[in-house]
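# Descriptive analysis of the structure
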There are 2 protein chains.
Amino acid sequence: MTPIDRAHAESLDAGDPLGHLADRFVVDDPELIYLDGNSLGRLPRSTLARLAAVAEHEWGSGLIRSWDTWIDLPARCGDLIARSLLGAEPGEVVVSDSTSVNLYKLAVAALDAQSGRDVIVTDDDNFPTDRYIVEGLAAQRGLELRMVASDPVHGPDPDLLAAAIDERTALVTLSHVAYRSAALADLAAITALAHRSGALVLWDLCHSAGSVPVELAAAGADLAVGCTYKYLNAGPGAPAFLYVRRDLQASLRQPIWGWFGQRDQFTMGPGYDPEPDIRRFTVGTPAVLGVAAVEEGVQVLAEAGIDRLREKGRRMTAYLVDLADEWLAPLGFELVSPRDPDRRGSHISLRHDDAWRICRACIETANVIPDFRAPDRLRLGPAPLTTRYVEVWEAMDRLRRLVGSGAHLAYGAERGRVT
Amino acid sequence: MTPIDRAHAESLDAGDPLGHLADRFVVDDPELIYLDGNSLGRLPRSTLARLAAVAEHEWGSGLIRSWDTWIDLPARCGDLIARSLLGAEPGEVVVSDSTSVNLYKLAVAALDAQSGRDVIVTDDDNFPTDRYIVEGLAAQRGLELRMVASDPVHGPDPDLLAAAIDERTALVTLSHVAYRSAALADLAAITALAHRSGALVLWDLCHSAGSVPVELAAAGADLAVGCTYKYLNAGPGAPAFLYVRRDLQASLRQPIWGWFGQRDQFTMGPGYDPEPDIRRFTVGTPAVLGVAAVEEGVQVLAEAGIDRLREKGRRMTAYLVDLADEWLAPLGFELVSPRDPDRRGSHISLRHDDAWRICRACIETANVIPDFRAPDRLRLGPAPLTTRYVEVWEAMDRLRRLVGSGAHLAYGAERGRVT
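This one's a predicted model, so the numbers in the text were calculated from it and none came from an experiment. (Residues numbered from 1 in each chain as written. Chains lettered and ligands numbered in written order. Predicted model: local features only at pLDDT ≥ 70, side-chain atom pairs only at ≥ 80, totals over all residues. Heavy atoms only, no water.)

Right, let's get into the interface of chain A and chain B. Interfaces are often described in size by the accessible area the parts lose on coming together. Across the contact, 76 residues belong to chain A and 76 residues belong to chain B. Both sides together, the interface formed by chain A and chain B hides about 6,800 Å², and carbon and sulfur atoms give 67% of it. Contact with chain B buries area across many residues of chain A, yet A:Trp59, A:Tyr132 and A:Trp257 alone supply 12% of it, more than any other trio. Summed over the shared surface of chain A and chain B, the number is zero salt bridges. Those elements that provide at least two residues to the side of chain A that touches chain B are α2 (45–61), α3 (67–70), α5 (99–113), α6 (128–141) and α11 (288–304) of chain A. (Contact = heavy atoms within 4.5 Å. Buried area = accessible area lost by both parts, 1.4 Å probe. Salt bridge = Lys/Arg side-chain N within 4 Å of Asp/Glu carboxyl O. Helix = DSSP H or I, 4+ residues; strand = E, 2+ residues; numbered from the N terminus.)

Turning to unusual backbone geometry, a few remarks are in order. Residue and element names in this part refer to chain A. That bond from Ala374 to Pro375 is cis: its omega, -5°, falls within 30 degrees of zero. Of note, Pro375 is situated in the loop between β14 (371–373) and β15 (377–380). Of note, the phi angle at Met268 is positive, near 55°, even though the residue is not glycine.

Using the criterion set out here, one finds 72 salt bridges over all chains in the structure. The residue A:Asp273 makes a salt bridge to A:Arg263 at a minimum N-O spacing of 3.1 Å. Of this pair, A:Asp273 sits in the loop between α10 (246–249) and α11 while A:Arg263 sits in the loop between α10 and α11, placing them ten residues apart in sequence. Residue classification places A:Arg263 among the partly exposed positions, given a relative accessible area of 35%. When the shortest N-O distance is used, the salt bridge between B:Arg6 and B:Glu10 registers 2.9 Å. Taken as a pair, B:Arg6 and B:Glu10 lie in helix α1 (residues 6–14) at a separation of four residues, close to a single helical turn. A relative accessible area of 40% means that B:Glu10 is categorised as partly exposed. Because the salt bridges share partners, they merge into one network encompassing A:Arg6, A:Glu10, A:Glu31, A:Glu394 and A:Arg398. (Buried < 20%, exposed > 50% of the residue type's maximum accessible area, 1.4 Å probe, protein only.)

The next thing to look at is the packing of α2(A) against α11(A). Residue and element names in this part refer to chain A. One way to put it is that α2 packs onto α11 with a least axis distance of 9 Å and a crossing angle of 150°. Looking at the two axes, α2 sits roughly antiparallel to α11. Helix-helix and strand crossings are classified by hand; for α2 and α11 the assignment is right-handed. Contacts between α2 and α11 involve Ser46, Thr47, Arg50, Leu51, Val54 and Ala55 from the first element and Val288, Leu289, Ala292, Ala293, Glu295, Glu296 and Gly297 from the second. Across the contact of α2 with α11, the residue classes break down as seven nonpolar, three polar and three charged. (Axes fitted to C-alpha atoms, helices over the stretch in contact; angles between N-to-C directions. Parallel < 35°, antiparallel > 145°, perpendicular 65-115°, else oblique. Left-handed = near helix turned anticlockwise from the far one by under 90°. Nonpolar A, V, L, I, M, F, W, Y, C, P; charged D, E, K, R; others polar.)

So, about the relation of the copies chain A and chain B. Under the fitted operation, chain A is carried onto chain B by 0.0 Å of movement along the axis and a turn of 180°, and the coordinates agree to an RMSD of 0.0 Å. Interpreted geometrically, this transformation is the action of a two-fold axis. Most of the interface of chain A is mirrored in chain B: 100% of its interface residues are interface residues there too. (Least-squares fit on C-alpha atoms with pLDDT ≥ 70 in both.)

On to the packing of helix α5 (residues 99–113) of chain B against helix α6 (residues 128–141) of chain B, then. Residues and elements named next belong to chain B. Orientation of α5 relative to α6, taken along the N-to-C sense of each, is 40°, at an axis distance of 10 Å. Relative to α6, the element α5 is oriented oblique. Of the two possible hands of crossing, α5 and α6 adopt the one that is right-handed. The residues of α6 that touch α5, namely those facing Ser100, Leu103, Tyr104, Ala107, Val108, Leu111 and Asp112, are Thr129, Asp130, Ile133, Leu137, Gln140 and Arg141. Per-class residue counts for the contact of α5 with α6 are seven nonpolar, three polar and three charged.

All names here are of chain A. Take Thr169: it is sitting in strand β7 (residues 169–175). Thr169 gets classed as buried once you look at its relative accessible area, which sits at 0%. At 2.8 Å, the side chain of Thr169 forms a polar contact with the backbone nitrogen of Asp166. Beyond its immediate sequence surroundings of up to four residues, Thr169 is in contact with Arg117, Val119, Val121, Arg146, Ala164, Gly198 and Ala199. (Polar contact = N/O pair within 3.5 Å; in protein donor to acceptor, adjacent residues only side chain to side chain.)

Without other data, these values stay purely geometric and don't point to any function.
Right under this line is the structure:
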């Protein structure tokens, strides 16, 4: 039995310690193969019930009285994320705003704390919103933005990164797992490198949280943000999280002085005096339905355990690579993710000149949902919690048949909107 | 039949053109009288169904494909708010982030556009988050913050306001309806006053949107923000809206350069190049469940019609004032809202030394939910869409009996958390 036998996939499923958890998610069409869990995770069944309960009972019946429960939800949910996924302590993570707004808040907090330093370092393949946020801050504050060149497969070049970080560097901001290639950055090593120059590091965990153990405390990480609608399965646009190492909290100030960051908020006093803890990094009224969905999503991940999720992610992506080598390389696909599973997160990308058309055809004719990323990447993200190995086999089989038949050529080459 | 007869309330309900719409909302306990609709509006029945549909069908079944629908939702919902509630044009309003974050974004956009001017004007009774946001901006940018003294009943003094706005003023930011007293600012007159000095005005519509016609276009208003969880009935922490007059949009830039503001967002290009329209004022991935709830809530308001809502709001608060004069003034209550219904929004506040204890007792023993606002206000917000006149009568009757009996004195005088 070789990896290209369907029976191999079936045997992997039979031995999968996470296999039983797939039932916790809503699956409407069992024939649909969803390989975009790293863009929008599936809906946990418990979330449906929780949303209904929050809406009908807490909001509809409890009305304003339910704030007694809701007020602590963002911090409680942050504690759950901290402990179960990020290797951080309770009180170091809170759910708030969007990833982009959190990036902005923490970047400004870091820059304000680093007066006299005038350089921000990031990489040119970082996720767009990360690049735009620091581009905006550099422009507004007259700082130099050093965009380290990234290898399209392996991420930011470590030597270039080391050269870019110096005594002028206020802030380094990078993605832990690259959104296209899945290249996994060495969070601890880069943090240590930056600290040697006195720089602070702001990590984007969007593509690693819930799929790769993050171990923020062990790395002595300063700041991090991440989204909840990918591996955390909290739903479209669910609120993001942010992390600030405890000993930094009292000395950092974020720039958006909203009333939820205020000490003794409901005295509604005359001047802003922020909470001494993680709450000072929050701003406005929390999105209660969204935070509740985050809590539900993370509870399933916590039950699975991040180490088991990571192990399955390694195996599934390795299986994808094996099948791609066998079936797709001859059809013009090129692996543009690290071959070493220790160097990547839980998705892979394949380059193909017709990637856009293949993606459309795949969704519309093969009932497989991959992801397209400009300009020519097909991104495959099997979520360890919700994807079976046999689905990986089946998706790759459908994909090779589709491209082999040329069915994708019926689709226009001009790219439209893909989210 | 005088206003203090219950029969008077019943006759008002019988003639209420909005009375039939109360059935559109979830009412779990018909004996509970909810006078806090201006803090958290009731749950529309249609929202329950919509949330379930968005979660189960759009997210659970449609998965990432549903972004084809979701991507336009914040602007579409903004258009609905613009037309039905704000007297603005389609393309001038979008749903995004929280009120506080929107205040920050638009305040910075205005300040950046007014280089050479170094003063921000607001009033000392403005809602805390409004004051804190501009306090933070003034501190960060070295600007002068002029806090105009507010009358506790009638809001910012027009003469002091006129004196504070001058050629140095970059931005004036005020609430349209004051959160405690309900004092209604003259939006058109103040906008014109500020424009004569070349200042921009940023209005907070949290307590007016959905209860008072706003007429932004008629006033030539520049900028506005508002929340959706009060009169718009979109649920706890639902996303807020922002308004930017169309001719200002292309020349203003908000500071948080997120990917949802980017032109051709999904090309994920190298530099930030914002959309030319209202979308440039958005930042990250929109909170889809929350925006859907906003749309449901606003649709009921649109059906009612803002003029009818306003008229009922005037009558209900007038009725509250009549009953307070008759029953509560002898018990130590003092009206701290304008007596003239044209000068106030749709809630009233009563001052009482024991306001905190009365509020707790009211909720826990009288099954009436008013609101407490520091230091000594009882705030009564009968939502025109969901409150009947007979409930107003009944609430005031229970309140006078409670205070008359001294039952509130069993509660501690020390204030706890009230949201």
